[in-house]
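Secondary and tertiary structure notes
Read off the chains here:
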Amino acid sequence: MSSSSDPGHTGDCLFCRLVAGDVPAEVVEATDRSVAFRDVNPQAPTHVLVVPRAHHANAVELATGDPEALADVVRLADSVAEAEGLAGDYRLVFNTGAGAGQTVFHTHLHVLGGRPFTWPPG
Ligand code: 5GP
Ligand code: ZN
């Protein structure tokens with residue numbers, strides 16, 4: 001039986017389907033553990049999502065279940081930012097929980113850059 005936190009879960013998860021190639025995406029970079037692709041509704045000149053290939057519902061579940069995969073996600077985010085010419089200036093966001101704006105329950109790290117950002121975020 002699969003659940004939203006089962007690393008093998010793929011059936012009805014959008015980003016599992018995207019990683020599997022069943023949903024089209026503009027992939028910009030990948031490792032054996034993670035995939036980076038452009039957000040379909042960009043909020044900045046660079047807006048890339050980095051996901052682990054295995055299913056974990058959010059950042060905490062990834063950190064707990066596979067810390068090295070979380071590290072791989074963050075390193076790939078930095079590599080994408082470098083390739084996009086962001087020169088070390090970018091924002092990384094894990095929306096965690098519906099109340100904080102998470103809409104896809106497969107861990108994804110937003111990589112945003114190319115414009116000034118305000119703080120606190122909206
Ligand atoms: P969340 O709100 O869960 O933090 O972020 C989900 C993100 O996924 C949103 O920024 C949304 O634009 C993006 N997104 C939703 N569906 C798709 C899709 O099918 N393809 C791509 N590339 N991005 C998607
Ligand atoms: Zn998934």
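Look up a bit, the structure's there.
Residues numbered from 1 in each chain as written. Chains lettered and ligands numbered in written order. Predicted model: local features only at pLDDT ≥ 70, side-chain atom pairs only at ≥ 80, totals over all residues. Heavy atoms only, no water.

Our next topic: the overall build of the protein chain. Scanning the protein chain from N- to C-terminus turns up 3 helices and 5 strands. Going residue by residue from the N terminus, the α and β elements of the protein chain occur as α-β-β-β-α-α-β-β. By principal-axis analysis of the C-alpha atoms, the protein chain measures approximately 45 × 30 × 25 Å. When each of the 122 residues of the protein chain is scored for burial, the buried share is 37%. Sequence separation of 24 or more characterises 55% of the internal contacts of the protein chain that already satisfy a separation of 6 or more. For the protein chain, the accessible surface area stands at approximately 6,700 Å², while carbon and sulfur atoms represent 54% of it. Placing the 7 positive and 15 negative side-chain charges of the protein chain at their respective mean positions leaves the two points 4 Å apart. (Helix = DSSP H or I, 4+ residues; strand = E, 2+ residues; numbered from the N terminus. Buried < 20%, exposed > 50% of the residue type's maximum accessible area, 1.4 Å probe, protein only. Contact = heavy atoms within 4.5 Å. Areas by Shrake-Rupley, 256 points an atom, 1.4 Å probe, with all protein chains shown as cover. Lys, Arg positive; Asp, Glu negative; His and termini not counted. Charge placed at Lys NZ, Arg CZ, Asp CG, Glu CD.)

Here we come to the site of ligand 1. Around ligand 1, a shell composed of 15 residues is seen, among which Asp39, Gly101, Thr103, His108 and His110 lie nearest. Between ligand 1 and Gly101 there is a distance of 2.7 Å, counted from an oxygen atom to a backbone nitrogen or oxygen. Calculation on ligand 1 without its partners gives an accessible area of 520 Å², and the protein chains cover 81% of this total. Those elements giving two or more residues to the shell around ligand 1 turn out to be helix 1 (14-19) and strand 2 (34-38). Of the residues assigned to the shell around ligand 1, the class counts are 6 nonpolar, 7 polar and 2 charged. (Near = heavy atom within 4 Å. Polar contact = N/O pair within 3.5 Å; in protein donor to acceptor, adjacent residues only side chain to side chain. Nonpolar A, V, L, I, M, F, W, Y, C, P; charged D, E, K, R; others polar.)

This paragraph deals with the nonpolar core. Ranked by size, the top nonpolar core spans 14 residues in total, and within it Ala36, Val48, Val50 and Val111 carry the most contacts. Those elements giving two or more residues to this core turn out to be strand 3 (46-52), helix 3 (67-83) and strand 5 (109-113). Counting residues per element, this core draws most heavily on helix 3, at 7 residues. Ranked by size, the runner-up nonpolar core spans 10 residues in total, among them Cys13, Cys16, Phe37 and Val51. (Core = buried A, V, L, I, M, F, W, Y, C linked by side-chain atoms within 4.5 Å.)

Take the pairing of strand 2 next. Burial of strand 2 is extensive: 4 of the 5 residues sit out of reach of the surface. Two strands pair when backbone bridges link them, and strand 1 (residues 27-30) and strand 2 are joined in this way by 3 bridges, in the antiparallel orientation. Directly across from Glu29, in strand 2, lies its bridge partner Ala36. Hairpin geometry of strand 1 and strand 2 is characterised by an intervening segment of 3 residues between the two adjacent antiparallel strands. (Pairing = 2+ DSSP bridges.)

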